[in-house]
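Summary of structural features
Here is what each chain is made of, one letter per residue.
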Amino acid sequence: MTWKEDWEKNHNVIAIHGDLSLENFGIPEDRWNRLCQDIKLIIHNGAMVHWMYPYEKVRNVNVLSTVQCLKMATTHHLKPFYFVSSISVISNEYYLKTGAPVMESDDLEVSRTGLDSGYGQSKWVSEKLILKAIARGVPACIIRPGFILGNSKNGVLNTDDFVTRMMIDCIQLKQYPNVPNPINACPVDYVAGVIIQIISQERWLQNHVYHICHHPRIYYNDVFEELPLHGYDVTKVDYTEWKKSLMNLVQTSNNKNALFPLLPFVLNDLPNITKSPIFNDNNTRTVISGTDVPMVNVKDVVGKYLAYLIKVGLINPPRNKNASKPIPEIGEIIVKETIGRNNQLNLNADEHERKEVKQYIYMENNKSTYNIITNNNINNVYSKINMELCSDSNNNNDHSKTISLNNNNNNNNNTNSNNNNNSSSSSSSSNVNVINNNNNNNKSNNSINSSNNKNNNNVISKRHNKSTTTLNNIFKTEIKKFFSSFTGCFPTRQ
């Protein structure tokens, strides 16, 4: 499905300019109040998606926007709230080790630690807030897709997506890595169809979580193998060889490489970090049973994705004109701009991403230093998430006051800004002070450890385990205090 001008002319779609990171999305108060009165249901699909950003970088957009949606859902009249989350909330080692399907009824408690990406951590916090709201009677549910790929009919896709960047880069390298892991990726029209069916009847709110999975199960290699089948000169190689080729290409291409922004990720043992648990999707299957939601095998539409990438000029047509699978015709598509950061693929990485890659290259050459830095960064991540969820409800600068769902606080924007820079700001909360002190200690540890690389691996491991245990204890004792700020905002279930 592509954009149709008639939707705007006929007021089928009304766009309102706002900012997900701001109180009331930055919408003027009178307009916000009208929206709270007029809106019948809410689908929240907005987020900052970046595999390399830490939690604090995505918190305002991803977590605070969820809070604002809950606020809107409980203002004037109750509105059904549908939150589009991600399987990133369960991408930790525990689920991989069990080997059992992750049920839609799982409470996510084992994901309290072990989530590596700031994006996944932000979605986890958002889900916990929503589940608490549900317990208080708010009609809401969580929808968890995996990778969302292009349209199965015309191939239109997000050129900034990880899978898209991988396909483009493999064509550039003329190699693809052996990654025999399953990939949970679905065409966008399937994901959209599932969501439409879930919101079509309020009875589906009886299920609190829906997993969106691909059937039959497919693997990364299944997607990559479609490249040579469609005529591209691409061969399968061992990951180590592909990694070396990518490093060489990056160093000689002046950063003009599709995977450059994700280099620290794809060069960090890709076959291991792309492992994914199995997901049970019984709730979703029940909802779409007997409907016209398109069930399409991604392998069968890779050709259309390639056709679209050719059409927008991001790859050249294959040289082999006698391929077993010719590039399909996807019809006339007027492309005004491609989808992605800066409205283009953004082969040229921005300054922040170049710094990340340079840091990673340095770490690759100093493995022991890298391991120590990583351990301390894990402690910092846990500290910041626990600070988010463990704030003292009596603290004047407390985020729980900022996100009180029925409180129109004119100082919230300043409060959000202060909280986002909590590592350099003062706070009257003893819990926050303790955690900030831990962060400062961790910074000191980074300096000490970098000069004692040989002897500190065991010390860091012990310190990490102790710190994590302490923080988890703080979390368990303070989580009720954090969520108590919502108690007066949600109606008690009758």
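The shown structure was predicted, so the numbers you read here are calculated from the model rather than taken from an experiment.

One pass over the structure, following the stated rule, counts 8 aromatic pairs. On the numbers, 6.4 Å between centres and 40 degrees between planes, the contact of Tyr220 with Phe224 is tilted. You can see Tyr220 and its partner Phe224 sitting in helix H8 (residues 220-224), 4 residues apart, about one turn around the helix. For the pair formed by Tyr220 and Phe224, the shared burial category is buried. Taken together, the ring pairs in this structure connect Phe147, Phe162 and Phe265 into an aromatic cluster. Taking the ring centre of Tyr53 as reference, the NZ or CZ of Lys57 above it sits at 5.1 Å. The ring of Trp204 has Arg203 lying over it, and the distance from NZ or CZ to the ring centre is 4.0 Å.

Attention now moves to the pattern of salt bridges. A complete count under the given rule lists 10 salt bridges for this structure. Between Glu23 and Lys71 there is a salt bridge, with the nearest N and O atoms lying 2.6 Å from each other. Of this pair, Glu23 sits in the loop between helix H1 (5-9) and helix H2 (29-38) while Lys71 is found in helix H3 (residues 55-73), placing the two residues 48 residues apart along the sequence. One salt bridge in this structure joins Glu109 and Arg112, with 2.3 Å as the shortest N-O distance. Here the salt bridges do not stand alone but share partners, grouping Glu109, Arg112 and Lys128 into one network.

Taking 1.5 Å per residue, 18 residues should reach 26 Å; helix H5 (residues 118-135) reaches 26 Å between its end C-alpha atoms and fits that length. Along H5, 15 of the 18 residues are buried, which leaves the element largely enclosed by surrounding structure. Of the residues flanking the end of H5, it is Gly137, one or two places downstream, whose phi is positive at about 105 degrees.

What follows covers the confidence of the model for the chain. Scored by pLDDT, the chain has a mean of 76; 67% of the residues are at 70 or more. Every residue in residues 341-350 scores below 50 in pLDDT, and together they form 31 contacts with partners more than four places removed in sequence or on other chains. In the model, residues 357-494 has pLDDT below 50 throughout and makes 187 contacts with residues more than four positions away in sequence or in other chains.

Time to look at the sheet that holds strand S2 (residues 81-84). Reading across the sheet, the 4 strands line up as S1-S2-S3-S8 and stay open at both edges, with parallel pairing between neighbours. Whereas interior strands pair on both sides, the edge strands pair on one side only; in this sheet they are strand S1 (42-44) and strand S8 (209-211). Taking the axes of each pair of neighbouring strands and ignoring which way they run, one obtains an average angle of 15 degrees across the sheet. Bridge count for strand S3 (residues 140-144) against S8 is 3 bridges, and the pairing is parallel. Residue pairing in the sheet places Ile142 in a bridge with Val209 of S8. Helix-sheet contacts for H5 involve S2 and S3, and the interaxial angle to S3 is about 150 degrees.

Attention shifts here to the nonpolar core. With 50 residues, the main nonpolar core has Phe147, Phe162, Met166, Trp242, Leu246, Val266 and Leu270 as its most contacted residues. Of all elements in the fold, only strand S4 (147-149), helix H6 (162-173), H8, helix H10 (239-252), helix H11 (263-266) and helix H14 (302-311) reach the threshold of two or more residues within this core. Element by element, the count of residues in this core is highest for H6, at 8 residues. Not counting the four nearest positions on each side in its chain, Leu270 is found in contact with Phe162, Met166, Val179, Asn181, Tyr239, Trp242 and Phe265.

Moving on: unusual backbone geometry. Looking along the chain, the bond that leaves His215 and enters Pro216 is cis, with omega of 0 degrees. Note on placement: Pro216 falls in the loop between S8 and strand S9 (218-219). Phi at His11 is positive, roughly 60 degrees, even though this residue is not glycine. Within the fold, His11 resides in the loop between H1 and H2. You can call His11 exposed: its relative accessible area is 60%. For Lys174, which is not glycine, the phi dihedral falls at a positive 65 degrees.

Conventions we followed
- Along each chain, residue indices are assigned from 1 in the same order as the chain's sequence is written.
- It should be noted that, the model being predicted, local features are given only for residues of pLDDT at least 70 and side-chain atom pairs only at 80 or more, the latter also being counted only at that level, while totals for whole chains, interfaces and linings use all residues.
- Note: side-chain values were computed over all heavy atoms of the structure, leaving out hydrogens and water.
- A pair of aromatic rings is counted whenever rings of Phe, Tyr or Trp (Trp by its six-membered ring) have centres within 6.5 Å, and the orientation is called stacked for planes under 30 degrees apart, edge-to-face for over 60 and tilted otherwise.
- Strands here mean DSSP runs of E at least two residues long; helices mean DSSP runs of H or I at least four residues long; both are numbered from the N terminus.
- Here the term buried applies to any residue with accessible area under 20% of the maximum for its type, exposed to any over 50%, and partly exposed to those in between, with areas from a 1.4 Å probe on protein chains only.
- Each ring is checked for a lysine NZ or an arginine CZ that lies within 6 Å of its centre and within 35 degrees of its normal; such an atom marks a charge sitting over the ring.
- By definition, a salt bridge exists where a carboxyl oxygen of Asp or Glu is found within 4 Å of a side-chain nitrogen of Lys or Arg.
- Given the number of residues in a helix, its expected span is that number minus one, multiplied by 1.5 Å.
- The predictor rates its confidence in each residue with pLDDT, a number between 0 and 100.
- Contact between two residues is taken to exist if any of their heavy atoms lie within 4.5 Å; hydrogens are not considered.
- Only when DSSP finds a minimum of two bridges between them are two strands counted as paired.
- In this description, a line fitted to the C-alpha atoms serves as the axis of each element, helices being fitted only across the stretch in contact, and the angle between N-to-C directions of two axes falls anywhere from 0 to 180 degrees.
- By convention a nonpolar core is built from buried Ala, Val, Leu, Ile, Met, Phe, Trp, Tyr and Cys residues, the set being connected through side-chain atoms within 4.5 Å.

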